[in-house]
Amino acid sequence: MELYLDTADIHAVKKLARILPLAGVTTNPSIVASSKQRPENLLPALYDALGGTGQLFAQVMADTAQGMVDDARKLRAIIADLVVKVPVTPEGLAAIKCLSKEGIPTLGTAVYGAAQGLLSALAGARYVAPYINRVDAQGGSGIELVNDLQSLLVQHAPQAQVLAASFKTPRQALDCLLAGCGAITLPVDVATQFISAPAVTAAVEKFEQDWLGAFGSKQL
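Residues numbered from 1 in each chain as written. Predicted model: local features only at pLDDT ≥ 70, side-chain atom pairs only at ≥ 80, totals over all residues. Heavy atoms only, no water.

Undergrad: How would you summarise the pattern of salt bridges if you had to cite specific residues and measurements?
TA: One pass over the structure, following the stated rule, counts six salt bridges. Of the charged contacts in the structure, one is a salt bridge between aspartate 210 and lysine 206, with a shortest N-O distance of 2.7 Å. In this pair, aspartate 210 and lysine 206 are both assigned in helix H11 (residues 198-215), four residues apart and thus about one turn of the helix distant. Assessed through its relative accessible area of 43%, aspartate 210 is described here as partly exposed. On the accessibility criterion, lysine 206 (44% relative accessible area) is partly exposed. Through salt bridges with shared partners, a single network forms among Asp70, Arg73 and Glu102. (Salt bridge = Lys/Arg side-chain N within 4 Å of Asp/Glu carboxyl O. Helix = DSSP H or I, 4+ residues; strand = E, 2+ residues; numbered from the N terminus. Buried < 20%, exposed > 50% of the residue type's maximum accessible area, 1.4 Å probe, protein only.)

The following block contains the structure:
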């Protein structure tokens, strides 16, 4: 299972990389724009924040297939093993096919339907990213999308895997893992909620109080 952070917050990546078994960091144009840093500066900084290991993802900006291919090459010139995110549009599918022939790994992003996701995998995408919360917010079911997409990939494109994205709650992410997702990417606030539980903190404080009451210090 691969766990990613969906962020451009370098401080948060450093902090959580020490705690969580992170496989890397995903970004998108909105996330990069929020950092106010150009990709050539941001991506190496994120890689360093991960400790010099881990997979990075960044997205093309062009709206034509050839432009997306050119963008992908530029991004790979910054980080050699970066996975290029490509929106699953008609032009995006054409770009994924071209990039696959060049041996450049891609992620089909902005996926709102199982068939759409399958097409990106058949075109050569290594990862497919359904937008869970955005589907839920539009009155659909993100988890049903994941279940359908998982089944389609297993049957028709086993070389690809779901990398579920767009979460607002830990429960959404957990449901995707229970459905068999091999990868998820979490915003920092959702990742933090996984490891921040008031009941756990209270239990640890009670242990400390009882120990101090009996022995006068926290030493074993």
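Next comes the rest of the description.
Undergrad: Please provide a residue-by-residue account of the nonpolar core, values included.
TA: One finds Leu153 and Ile184 to be the most contacted residues of the largest nonpolar core, which totals 58 residues. It is helix H4 (residues 65-78) that contributes the most residues to this core, five residues altogether. Contacts of leucine 153, omitting those with residues within four sequence positions, involve Leu118, Ala121, Val128, Pro158, Ala160, Gln161 and Val162. Counting eight residues, the second-largest nonpolar core is a separate cluster that includes Val83, Leu107, Tyr127 and Leu163. (Core = buried A, V, L, I, M, F, W, Y, C linked by side-chain atoms within 4.5 Å. Contact = heavy atoms within 4.5 Å.)

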